[in-house]
Amino acid sequence: MTNLSGVGPLFDATGQVERLSRDNYRFLQRYVLDGSGIVIDSEKDYLFEARLMPLVRRENLRSLNDLCALIKATAATPIRQEILEAMTTNETLFFRDMAPFEALRNSILPELKAKCGPAKRLRLWSAAASSGQEAYSLAMLLLEGGFQNWNLQIAGTDIAESILERARTGRYSQLEVNRGLPVHYLIKYFTRHGLEWQLKDEIRRMVRFERLDLRRATAGPGPFDIVFCRNVLIYFDPTTKRQILAAIQSVLAPGGYLSLGAAETIINLNETLEKCVFGKATLYRNPE
Ligand SMILES: C[S@@+](CC[C@H](N)C(=O)[O-])C[C@H]1O[C@@H](n2cnc3c(N)ncnc32)[C@H](O)[C@@H]1O
């Protein structure tokens, strides 16, 4: 694997070797950190080449060094945002890991149904929504759980506007619906459009997608009964993780639940959320 920190070769469009200079490597690291909070350390530096070379070629530049020169010279061009979005990892799927969704179906939604029954209102937040599969999985789960006549609001947010545009369409490839979506959900909530599958409006209408940098989430809407903030904290440094967890807790209703990714934890990052184990899933509850 090419190491970009000034050691390995980097081929430009003409086949000549041009290394990303050490200064520009540090510049890109800082640019991505400041713009999104994502830490690209030396083990992940191959991502600069993998993710940014398509932009280099599209702009008819010779190398990542030229791309750095371009963003240093221009204050507000779309390419600055495109670079940040290219460096995000958007991997997602319907009902990812299944266990937190089973915890919702078997324990948490029945609990909230009893608790919030008089108001008949639930608010959920998919806080790093990517192309929308997580938020739509929550929407389908609510309808399956008998919440049809409730006032349901699901927010889907992400830092990358381009991925949110995809999410809003509710249109997925065969490969995407093959990943994690139970067949009866596909039949019930999607219609086929050629090689793709379109989510029905009854589900799409339940989710509102908006751009939000999680590091600025302090003044977000809320309170939320359930927050899914999954597979995003892993990209941040401990200070940013702590700050984001505090911001989420501040918009989590008393007795509300937070789900993190399978490889993520609140240990050493938050002292007040309560750990709750439901079968194979661990969620965190905001004390009442
Ligand atoms: C790996 S996806 C996780 C998607 C989904 N939550 C899941 O678990 O399948 C991570 C998402 O976090 C988003 N992201 C990265 N940095 C962010 C930030 N500072 N604020 C909000 N979203 C961010 C990325 O754009 C990407 O769509």
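Analysis parameters
Residues numbered from 1 in each chain as written. Predicted model: local features only at pLDDT ≥ 70, side-chain atom pairs only at ≥ 80, totals over all residues. Heavy atoms only, no water. Axes fitted to C-alpha atoms, helices over the stretch in contact; angles between N-to-C directions. Helix = DSSP H or I, 4+ residues; strand = E, 2+ residues; numbered from the N terminus. Parallel < 35°, antiparallel > 145°, perpendicular 65-115°, else oblique. Contact = heavy atoms within 4.5 Å. Domains from an automatic or database assignment. Buried area = accessible area lost by both parts, 1.4 Å probe. Salt bridge = Lys/Arg side-chain N within 4 Å of Asp/Glu carboxyl O. Polar contact = N/O pair within 3.5 Å; in protein donor to acceptor, adjacent residues only side chain to side chain. Near = heavy atom within 4 Å. Areas by Shrake-Rupley, 256 points an atom, 1.4 Å probe, with all protein chains shown as cover. Nonpolar A, V, L, I, M, F, W, Y, C, P; charged D, E, K, R; others polar.

> Please clarify how the packing of helix H1 (residues 22-36) against helix H4 (residues 78-86) should be interpreted in this entry.
Two measures define how a pair of helices packs: the angle their axes make with one another and the distance between the axes. Running from amino to carboxyl end, H1 crosses H4 at an angle of 90°, the nearest separation of the two axes being 10 Å. The angle between H1 and H4 places the two elements in the roughly perpendicular class. Along its contact with H1, which presents Tyr-31, Val-32 and Gly-35, the element H4 presents Arg-80, Gln-81, Ile-83 and Leu-84.

> What should I look at first to understand the domain arrangement of the protein in this one?
Interface size is commonly expressed as the accessible area that is lost once the parts come together. When its domains are assigned, the protein resolves into domain 1 (10-86) and domain 2 (99-285). With centres defined by C-alpha atoms, the gap from domain 1 to domain 2 works out at 32 Å. Each partner contributes residues to the interface: domain 1 has nine residues there, and domain 2 has 10 residues. Counting the surface lost from both domain 1 and domain 2, the interface buries some 720 Å², and carbon and sulfur atoms represent 44% of this. Counting the surface domain 1 buries against domain 2, the share from its top three residues, Ser-36, Gly-37 and Glu-85, is 48%. The interface formed by domain 1 and domain 2 holds zero salt bridges in total. One can count six residue pairs in polar contact (both at pLDDT 80 or more) joining domain 1 with domain 2. At the level of secondary structure, the elements contributing two or more residues to the side of domain 1 that touches domain 2 comprise H1 and H4.

> I'm lost on the site of the ligand in this one. Help?
Every one of the 21 residues lining the ligand counts as a neighbour, but Thr-92, Arg-96, Asp-158, Leu-214 and Asn-231 are closest to it. The separation between a nitrogen atom of the ligand and a polar main-chain atom of Ile-159 is 3.3 Å. Between the ligand and Arg-230, the relevant distance is 2.9 Å, taken from a nitrogen atom to a main-chain nitrogen or oxygen of the residue. Considered on its own, the ligand offers 610 Å² of accessible surface; in the complex 99% of this is hidden by protein. Looking at the shell around the ligand, its residues break down into eight nonpolar, seven polar and six charged.

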